[in-house]
Amino acid sequence: MRKRERVLQVASVLGELMAGEVKLRWQRGRNGLADPEEFERERARALRQTLEHLGPLYIKVGQVLSTRPDLVSQTVIDALGDLHEQVLVRPFSEFEPVLAKNLGAHWRYRFTEIDTDVPLGAASIAQVYRAVQTDGQEVVLKVQRPGVAASTRLDMEILAQAMKLAMKRAPNIAEIFQPEAMLEVVFTAMRPEIDFTVEASNMDDFREMLEQFDHLEVPDVLDVTKEVLIMSKAPGVSIREANLDDFSEKEREAIGRDLCAMLFHGFLVDGLFHADPHPGNVFVAPGHPATVIDFGMVGRIDRRMALGYTRFMMATALNDGEAAGRAALEMGTLTSRANIAGFLGDMQRYIPTMANQSLQNMEFGTDFNQFLVFCTKRGIAVNPAIALFGKATANLEGTLRRFAPELTPFDVFRDTMGGIIRDQAKQMVAEEELLRVANEAFAATRSLPEQVRYLAQAVVNGQYVLRIRDDSAAIHEDREDIRARRMRRTLIGLAAAAMWWDHRRRPPTS
């Protein structure tokens, strides 16, 4: 499809959405929809249907929007929370040319059986089939729909250009919501889905990361091209379909704990996390490790963000609203409308409400994403990956409720925090990390204008008091010694935090 044709098609669909919005408002004025909540639900349903109609890229946009309570209402979040494609299964014959192109003309000789009648899955990007190789191994065969990669890249180009033009007309919105960064999160999530070599690379990364977990594994990649992926078949069924009576409570709890630890350790230490660990993406079989599948939507963050979120989580666990707020500030970007004092006040009021909730009543992912609302209201832009992590945590909660209801993510976070801090300390002594710290010191000189604005705002709000002391001797200290002492302090602080956290977790001795 040509670019002009696709632009006209998207414009037509969006025009229908806007016409529907006008009709809803007219009906509301005529008391056809007097209930405000029903009016909002109708609007949310219309948005969802529009995104589904436009295809996979726009569905990903909806999934990311569902992570942002600061951008859309809870009604819209509820409507988009389980957004998925509704596509018809296409005949296997349509995929045969793709297999021949990627695996060669004699691709059929690689398999003794392919279940072409009932695919394991069907989406607008690909269809998935159960197959048996000539060596007898049962595998999963994932084949991309013809032409879908080119059409998705075209949608990316159109959407990026449209957003860039729109944000030139709305600089205040661009500054606080960073929509182009949000789009990049969507594009990053889509690239593995239209290039299976990227998804296979993600699987390799996770396989290495999960070596430390006894109850989790990743399918083996047996062969991969951009349009075809052959991998080992996961034993058992998805957690969505599992019969809990087939598993002991101990086995369910062990799998649940490893799933939570995978998410937290990946986010806080490895900078890599599965962004969609819902019950359909985890397969289980009695006596086997659980198999995590579908690595098309993966989140990545840098070390600075991971350390900031660690401080945020620890402060929340300790019911310290101001410390949680300051950690959140380190993860955000101050805009020209930033109100630091107001944000810290919001957090000081909100964090105790979380601390006083029972673990059974706490919506971990949803509650933690609530701070995004405070950030936006107070003029602080937030990295979209933080919201994506909140969504991943909420999805994991759904998996735990189905498979290990006696656990919550907060339980596992509390139990694994000591190990996470120790692993962060180990990374601090790596040669690559020392180079990163030096680079950050250089880059920090370029961020002085923002820091000056932050300091000026804080002074106006009465949050800083300047104290002066005579310390002229420090000027003559060797610079290498200063850097070494700072590094030692950081490492000692991390180690002390880990030991303190472990000590705090232990039950008191009688």
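Here the structure is shown first, and the text comes after it.
What this report covers is the structure whose coordinates are included nearby.

Reading the values: the criteria
Residues numbered from 1 in each chain as written. Predicted model: local features only at pLDDT ≥ 70, side-chain atom pairs only at ≥ 80, totals over all residues. Heavy atoms only, no water. Salt bridge = Lys/Arg side-chain N within 4 Å of Asp/Glu carboxyl O. Buried < 20%, exposed > 50% of the residue type's maximum accessible area, 1.4 Å probe, protein only. Helix = DSSP H or I, 4+ residues; strand = E, 2+ residues; numbered from the N terminus. Contact = heavy atoms within 4.5 Å. Core = buried A, V, L, I, M, F, W, Y, C linked by side-chain atoms within 4.5 Å. Pairing = 2+ DSSP bridges.

A short note on the pattern of salt bridges
Taken as a whole and judged by the stated rule, the model has 21 salt bridges. Notably, a salt bridge pairs Arg90 with Glu94, separated by 2.7 Å at the nearest N-O pair. A relative accessible area of 31% means that Glu94 is categorised as partly exposed. The partner of Lys377 in a salt bridge is Asp346, and the shortest N-O contact between them spans 3.8 Å. Here Lys377 is found in helix α15 (residues 371-377), whereas its partner Asp346 is found in helix α13 (residues 340-355), with 31 residues between them in sequence. Via salt bridges that share partners, Asp346, Arg349, Lys377 and Arg378 belong to a single interconnected network.

Structural notes on the environment of Pro289
Within the fold, Pro289 resides in the loop between β10 (282-284) and β11 (290-292). Note on Pro289: relative accessible area 26%, which makes it partly exposed. The spacing of Pro289 and Phe213 is 76 residues in sequence and 9.3 Å in space, taken between C-alpha atoms. Each residue touching Pro289, except ones within four places of it in the same chain, is listed here: Asp214, His215, Leu216, Glu217 and Phe283.

Considerations on the nonpolar core
Nonpolar side chains tend toward joint burial in soluble globular proteins. In this structure, Phe273, Val284, Tyr309, Phe312, Phe343 and Phe371 are the most contacted members of the largest nonpolar core, which totals 107 residues. Residue contributions to this core peak at 10 residues, all from helix α10 (residues 249-270). Excluding anything up to four places from it in sequence, Val284 contacts Pro235, Gly236, Val237, Ile239, Ala242, Phe247, Ile255, Ala290 and Phe403. In terms of nonpolar packing, the next biggest core, distinct from the first, is built from 15 residues, Leu99, Leu103, Tyr129 and Ala131 among them.

A short note on the pairing of strand β4 (residues 138-144)
Every regular strand shows the same layout, with side chains that alternate between the two sheet faces. In terms of burial, β4 is a largely internal element, 6 of the 7 residues being buried. Examined bridge by bridge, strand β3 (residues 126-133) and β4 share 7 bridges and lie antiparallel to one another. Within β4, the position partnered with Gln127 by the bridge is Val143. Between β3 and β4, which pair antiparallel in sequence order, lie 4 residues; one of them, Gly136, sits at a positive phi of approximately 90°. In terms of strand pairing, β4 meets strand β7 (residues 228-232) through 5 bridges, oriented antiparallel. From the neighbouring strand, Val143 faces β7, where its bridge partner is Val228.

Regarding unusual backbone geometry
The phi angle at Asp294 is positive, at roughly 65°, despite the residue not being glycine. Its location among the elements puts Asp294 in the loop between β11 and β12 (298-300). Taking relative accessible area as the criterion, Asp294 reaches 33% and is therefore assigned partly exposed. A positive phi is found at Asn319, a non-glycine position, where the angle reads about 60°. Note on placement: Asn319 falls in the loop between α11 (303-317) and α12 (321-331). Exposure remark for Asn319: the relative accessible area of 35% places this residue in the partly exposed category.

All quantities given are derived from atomic positions and should not be read as evidence of function.
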